[in-house]
Every structure is written in structure tokens, then in C-alpha cells.
Amino acid sequence: MTDSLGLYGAERSERRQRELLTGGEIPVAVYGLGKMGLPLAGVYAETTGNVIGVDVDPVVVETVSSGRSHVVGEPGLDELVAEQVESGRLEATTDGPAAADRARIHVVIVPTLLTDDFEPDLSTIGAVADDVAAGLSPGDLVIAESTLPPGTCRDVLEPHLAAESDLEPDEFGLAFCPERTSSGTALRDIRGQYPKVVGGVDDESTRAAAVVYDELSANEVHPVSDATTAEAVKVFEGIYRDVNIALANELGLLADELGVSVREAIETANDLPMCQLHDPGPGVGGHCIPYYPHFVLAGVETPMDVVRTAREVNDGMPGAVAGRVEDELEATGRDRSDASVLVLGLTYRAGVEETRASPALDLVDELEEREIAVAGVDPLVDPGEYGVRAVDIEAIDEESFDAAVLVTAHEEFEGIQWDALEPTVVVDTRDTLDLEETHHRVYTLAGSRTGRRPNADLAAETGVAVGPEGPESTMNASGSADVRKTDGGNDV
Ligand SMILES: NC(=O)C1=CN([C@@H]2O[C@H](COP(=O)(O)OP(=O)(O)OC[C@H]3O[C@@H](n4cnc5c(N)ncnc54)[C@H](O)[C@@H]3O)[C@@H](O)[C@H]2O)C=CC1
Ligand SMILES: CC(=O)N[C@@H]1[C@@H](OP(=O)(O)OP(=O)(O)OC[C@H]2O[C@@H](n3ccc(=O)[nH]c3=O)[C@H](O)[C@@H]2O)O[C@H](C(=O)O)[C@@H](O)[C@@H]1O
């Protein structure tokens, strides 16, 4: 038997449930106020008017309680947090159990990371489940938005909540409703950029969660058979991306040997709607895409060779980039042991203040293993916090480097005056630099979208593409083999 505020097993009409929800009668607790949790709490507040955000970080709680956002790079979030806190529709606390006691809907969006053995780390989810259980009442609805290994709601979360709350599993609802959003477009996405998937541990949980997200999202709600299916949807979306990035990376490494721009070939192949090749890059970072495959790899008996190999290809990209930096240094006569390299961008992707699994940090390790002195520049994080000598973006031209590697194309790098820098090797892993008219020697990983081969400067001068085994002849315009050798720019 639930009281009138519980959505799970509610005896009131669905219309009345919606009125209670959007009228601020049903308190909502959101656990985790990070890059995704704070925007989510903001949208819940603008929809229901009665949200308690919970975070273990007192600085986060203090910031949000003062009406400010600590999350950068999210258009509209500062204003949303300010107006929702000012109007009393959103508050924040570090006291999870107290929030659980007040709330009737509990939304969990805390990190789901990996252990050192690449096993899913559900310790944070367990800690939040303890908080929720401390205040769980009959008729409550628990919504997991944190990405989870398929089967977690059914096999871990539901039993955990029941055991810790002394409620029977059929006294509360539990649904998995994955967060389909990316940093930089969080509010747009949460408000309804994509259909909202909901999958409950039972039909009533699915129904109740569908009511909530039908009010929260302007897009359709997509109910699926159960929570495990919903968990699989989210993880499969991430695996699709990781495998396709690995395919793009593997093809991208062919560019040197083929003497073509693979990026041009990819862009052209993607003319076909059935072909969606991704972008080659220096590796896959963030705490999502490189992690989600392990949510399946770690827990299943079924061989997952494609998924596993894709992870290996992507994890190998920082080493491949370091190898090309080494080749370029050697080709310009620099001994790597007294070479200095500047890494541009340490976060995992442009504009996002997140370094978990960042390929740039793996590249730094690879270069240092090659006895190359490395410095780093990033507008969002302090390289010094990652053991990298920091160079200020304004001071790049105050020292000369033997090479610069563009790993993360922050927009702040668009202002670099490359002509003012001493001639150097520039390795562009994102094809975002246009340095053709400069005095630098440019290597573009996988070539450029405009058709420039990776070593375009060299190939243009000598008609010789540089493959992994060193310079190789290419057919010249008349079709005859042009076999001149070079020591990296000068005919021998
Ligand atoms: N970042 C993204 O682009 C997306 C992330 N997700 C998923 O959302 C979840 C959260 O990701 P982010 O917001 O990026 O993480 P985040 O690292 O930016 O924020 C996590 C927040 O949770 C807080 N926290 C940690 N333990 C806690 C606890 N026991 N109780 C309350 N708060 C706690 C932290 O202090 C932090 O403020 C993850 O499961 C991720 O897979 C889903 C879609 C997109
Ligand atoms: C399937 C999918 O597109 N998932 C998105 C992804 O967003 P995320 O912020 O992790 O960034 P991302 O654009 O996937 O990039 C991840 C990493 O992969 C690299 N990357 C990405 C695309 C590409 O073609 N080539 C490439 O090298 C990026 O540089 C980055 O290092 O993960 C999010 C998540 O689930 O956390 C998800 O909500 C987003 O929709």
C-alpha cells in the first residue's frame, strides 16, 4: 500500500500523478551533481520544482547552494542553476540519507568507473544505494541513470536496496533510464534531443519511470522490456562508438603506406548512408567510451573478440603517435634523447575538463619512455597536476621545441601564431591545423580531409611517401616510378 505521493503502485490516476509531479508535491533526490548530474538536477527542478541534489563533495554542494555551477562548457547551465536555486526549486546537500528520507523519486547519476583490473567499479553506486535505502519508502521510485553493466539493476541494485531498506522488492520501483548526452550539449540532450529509454525491473517500474520522463523530456519515451535491456542499450551505444573509432584508427594508420589521405577517403566513403566511418585520432578517452566495453568484457563467457580487439587498437594509438613523432624527429636529424616535445591539449576531448583515460596522458608516457623531454599546454587543466611541465599558452613562442603534437583541439589553440614559432615538427593528430604555408614540417595523422598525405611536405618535395619502413617511391604525375631516396627532405 503506498501513500498518495508514491508513483510506484500508485492508485491515483496517471493524470493526478503527473499533476503531483509537476506541481512540486513529489520531492526528487538526484545523487551526483557532476558534469551530467547537475544539468539533470536542473532540468528535474525546472520540471518538478522540488529537487534535492546530493553530492559527497562539499565544494560542489556549497557552489550549487549558492546558485552557481561548477560545471564548465555547458550553455545555459549557469542561468538554470541560478534561477532554480533562487526560486527554491533546487537545493543541494551532502546528506544523502536525509535527502532520501524526503524524496519519493531517487535519481542516481554518479560515476561508474573501472578497477585497475578493468572490472566495473560499482562501489560508488553501492554507496548511493545505501543512502537511498536509508530513506526508501513504499511506493518510491529509484531511477538509475549511471551507465551500468547489463544485469546490475536486477542482480545487484534491487537486492541491495531491498536488503538495506527492509522493504520487499515489490514495495518500490527501480528502472534504468540511461543518460544520452555529451558534455557541451547536456541541457539540450536532457530536455529531449533523443528518445528517452526506460526499462524497469518490473512493468510497474517501467510505467512509473515513463510518466516521469514523459514530463521531463520533449522527446518520446522509449520503454523496453526490462532494466537489463535498457542497460544493454546504453552500453551497446558506447561499444558501437569504440569499435567504429578503432576501425577509423586502423584505417588511418594505412595512410603512410598507401601514400594517400585516409581522412579524404573516409569522408568520401561516408557519402553512402550505409557507411559511417568515424574520425581517426590519437586514442579514445573520457570515462565513458573506453570504459563501457569492459562492462561487457568483464562479465560474460561469450567471446567478444571484436570488442576486445577494438579496445586494444584504441589503446595502442598513443604509442603509434609517439612512434611517428620519433620518426619525424629522426628525419630532421634530432636525436630523441635531447629532443623536447610540446603536447597541445591534455583533456580527452576539446572543451571538456575531463582527463580520465585521456590519450594525451598516455602519449606523454610513451614519449618519456623514449627519453624525450615533454611539456604540456591546456586551457582547462594544469599539466603540472599530471606530472607534465606546464607551458602557458601565451608563452609558447618563448622557447623552441623540436616538435609539437596537437592531441586535443581546444578552441583556444586557434589563436596560436605558428609563424612566430621557430621551425619545428608539428604532428597534427586531429587534422585541425592548416600549416601548409608555414616553415614547419607537418605530419597529419591519417592525412587531411583536403587530401594531403600524412607527410605532405616531404611527399610534395620528393614525390616520396614515407611509410612505416621509411621513404617509399610513389608514381609521379606521368605514372613512372619516382624512386629518388631522401634523408627526410634532402635528396641523397
Ligand atoms: N559525462 C558524460 O558525457 C556522460 C556520463 N554519463 C554517465 O553519468 C554518470 C556520471 O557521469 P559524470 O556526471 O560525467 O561524472 P562526474 O565525475 O562529472 O560527476 C560525478 C559526481 O558524483 C559525485 N559523487 C561521487 N560519489 C558520490 C556519492 N556516493 N554520492 C553522491 N555523489 C557522489 C562526485 O563528487 C561528482 O560531483 C556516469 O555513470 C556516466 O557513465 C552518461 C552520459 C554522458
Ligand atoms: C555513443 C556516443 O556517441 N556516446 C557519446 C560519448 O560522449 P563522450 O563525451 O565520451 O565523447 P566522444 O565524442 O564519444 O569521444 C570519446 C573519445 O573518442 C574520441 N573520438 C571520438 C569520435 C571519433 O570519431 N574519433 C575519436 O577519436 C574522442 O576524441 C574522445 O577521446 O559518451 C557519452 C556517455 O555515455 O558518456 C554519450 O552519452 C555520448 O552520446
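By the naming in an unreviewed UniProt entry, the chain goes by UDP-N-acetyl-D-mannosamine dehydrogenase and is assigned to Natrarchaeobius chitinivorans. Turning to the chain, the UniProt annotation filed under Catalytic activity (unreviewed entry) states: "UDP-N-acetyl-alpha-D-mannosamine + 2 NAD(+) + H2O = UDP-N-acetyl-alpha-D-mannosaminouronate + 2 NADH + 3 H(+)". According to UniProt, the comment filed for the chain under the heading Sequence similarities (unreviewed entry) is "Belongs to the UDP-glucose/GDP-mannose dehydrogenase family."

*Asks:* Provide a residue-level description of a negative patch on the surface, including the pertinent values.
*Replies:* On the surface, Asp78, Glu79, Glu83 and Glu86 cluster together to form a negatively charged patch. Structurally, Asp78 can be placed in helix H4 (residues 77-86).

*Asks:* Got a sec to walk through the site of ligand 2? Specific residues and values, please.
*Replies:* Neighbouring residues of ligand 2: 18 residues in total, closest Thr181, Lys234, Arg241, Cys288 and Tyr348. Note that an oxygen atom of ligand 2 is positioned 2.7 Å from one of the side-chain N or O atoms of Lys234. Within the backbone of Gly285, a nitrogen or oxygen atom sits 3.0 Å from an oxygen atom of ligand 2. The greatest single-element share of the shell around ligand 2, amounting to 4 residues, is contributed by helix H10 (residues 227-252). Residue composition of the shell around ligand 2, by class: 6 nonpolar, 5 polar and 7 charged.

*Asks:* Tell me about helix H9 (residues 203-216), and name the residues and values.
*Replies:* For H9, built from 14 residues, the straight-helix expectation of 20 Å at 1.5 Å per residue is met to within 8% by its first-to-last C-alpha distance of 20 Å. For H9, every residue scored as buried is listed here: Ser205, Thr206, Ala208, Ala209, Ala210, Val211, Val212, Tyr213 and Leu216.

*Asks:* Give a description of the packing of aromatic side chains that names residues and reports values.
*Replies:* Per the counting criterion, the structure on display carries 2 aromatic pairs. For the ring pair Tyr292 and Phe295, a centre distance of 5.7 Å and an interplane angle of 45° mean the geometry is tilted. Taken together, the residues Tyr292 and Phe295, both in helix H13 (residues 292-297) and 3 residues apart, mark about one turn of the helix. With relative accessibility at 6%, the residue Tyr292 sits in the buried group.

*Asks:* Can you explain the nonpolar core? Please cite residues and give values.
*Replies:* Side chains of nonpolar character tend, in soluble globular proteins, to be buried together. Core analysis: the biggest nonpolar cluster contains 43 residues, and Tyr44, Val64, Ile105, Val107, Ile143, Val212 and Tyr213 have the highest contact counts within it. With residues near it in sequence (within four places) discarded, Val212 still touches Leu7, Leu21, Tyr44, Ile105, Leu141 and Ile143. Grouped together as the second largest cluster of nonpolar side chains are 30 residues, Tyr31, Ile125, Val128 and Phe176 included.

*Asks:* Give a detailed account of unusual backbone geometry, specifying residues and quantitative values.
*Replies:* Of note in this structure, Asp166 is not a glycine but carries a positive phi near 60°. Within the secondary structure, Asp166 is located in the loop between helix H7 (152-165) and strand S8 (173-176). Overall, Asp166 belongs to the exposed group, its relative accessible area being 68%. Of note in this structure, Ala357 is not a glycine but carries a positive phi near 55°. Tracing the backbone through its elements, the reader meets Ala357 in the loop between strand S11 (340-344) and helix H16 (359-369).

*Asks:* Which residues make up the packing of helix H2 (residues 37-48) against H4, and what are the values?
*Replies:* With their axes 10 Å apart at the nearest point, H2 and H4 run at an angle of 50° to one another. Taken together, the axes of H2 and H4 are oblique relative to one another. Where H2 crosses over H4, the two elements pack in a sense that is left-handed. Along its contact with H2, which presents Leu38, Pro39, Gly42, Val43, Ala45 and Glu46, the element H4 presents Leu77, Leu80, Val81 and Gln84. Residue composition of the contact of H2 with H4, by class: 7 nonpolar, 2 polar and 1 charged.

*Asks:* An account of the sheet that holds strand S4 (residues 105-108) is requested, with residue identities and associated values reported.
*Replies:* Taken together, 8 strands build an open sheet; the order of strands is S3-S2-S1-S4-S7-S8-S9-S10 and the sheet is mixed. What marks the edges here is a single partner per strand, and that holds for strand S3 (90-93) and strand S10 (221-223). Within this sheet the neighbouring strands show an average axis-to-axis angle of 25°, counted without direction.

*Asks:* Before we move on, can you summarise the site of ligand 1 with the specific residues and values?
*Replies:* By nearness alone, 27 residues border ligand 1, and Lys35, Met36, Asp55, Thr112 and Tyr292 come closest of all. Separating an oxygen atom of ligand 1 from a backbone N or O atom of Met36 is a distance of 2.9 Å. Measuring from an oxygen atom of ligand 1, one finds a side-chain N or O atom of Asp55 at 2.6 Å. Notes on ligand 1: free accessible area 840 Å², of which the protein chains cover 89%. Considering every element that reaches the shell around ligand 1, the biggest residue donor is helix H6 (residues 123-134), with 3 residues. In terms of residue class, the shell around ligand 1 is made up of 11 nonpolar, 10 polar and 6 charged. When residues of the shell around ligand 1 are assigned to domains, at least three map to each of domain 1 (14-225) and domain 2 (254-458).

Scoring rules and cut-offs
- Residues numbered from 1 in each chain as written.
- Chains lettered and ligands numbered in written order.
- Predicted model: local features only at pLDDT ≥ 70, side-chain atom pairs only at ≥ 80, totals over all residues.
- Heavy atoms only, no water.
- UniProt positions renumbered as here; feature names shortened; annotations may be inferred.
- Patch = residues over 30% accessible without salt bridge, like charges linked within 9 Å, V, L, I, M, F, W, Y side chains within 5 Å.
- Areas by Shrake-Rupley, 256 points an atom, 1.4 Å probe, with all protein chains shown as cover.
- Salt bridge = Lys/Arg side-chain N within 4 Å of Asp/Glu carboxyl O.
- Lys, Arg positive; Asp, Glu negative; His and termini not counted.
- Charge placed at Lys NZ, Arg CZ, Asp CG, Glu CD.
- Helix = DSSP H or I, 4+ residues; strand = E, 2+ residues; numbered from the N terminus.
- Near = heavy atom within 4 Å.
- Polar contact = N/O pair within 3.5 Å; in protein donor to acceptor, adjacent residues only side chain to side chain.
- Nonpolar A, V, L, I, M, F, W, Y, C, P; charged D, E, K, R; others polar.
- Expected span 1.5 Å × (residues − 1).
- Buried < 20%, exposed > 50% of the residue type's maximum accessible area, 1.4 Å probe, protein only.
- Phe/Tyr/Trp six-rings, centres within 6.5 Å; stacked < 30°, edge-to-face > 60°.
- Core = buried A, V, L, I, M, F, W, Y, C linked by side-chain atoms within 4.5 Å.
- Contact = heavy atoms within 4.5 Å.
- Axes fitted to C-alpha atoms, helices over the stretch in contact; angles between N-to-C directions.
- Parallel < 35°, antiparallel > 145°, perpendicular 65-115°, else oblique.
- Left-handed = near helix turned anticlockwise from the far one by under 90°.
- Pairing = 2+ DSSP bridges.
- Domains from an automatic or database assignment.

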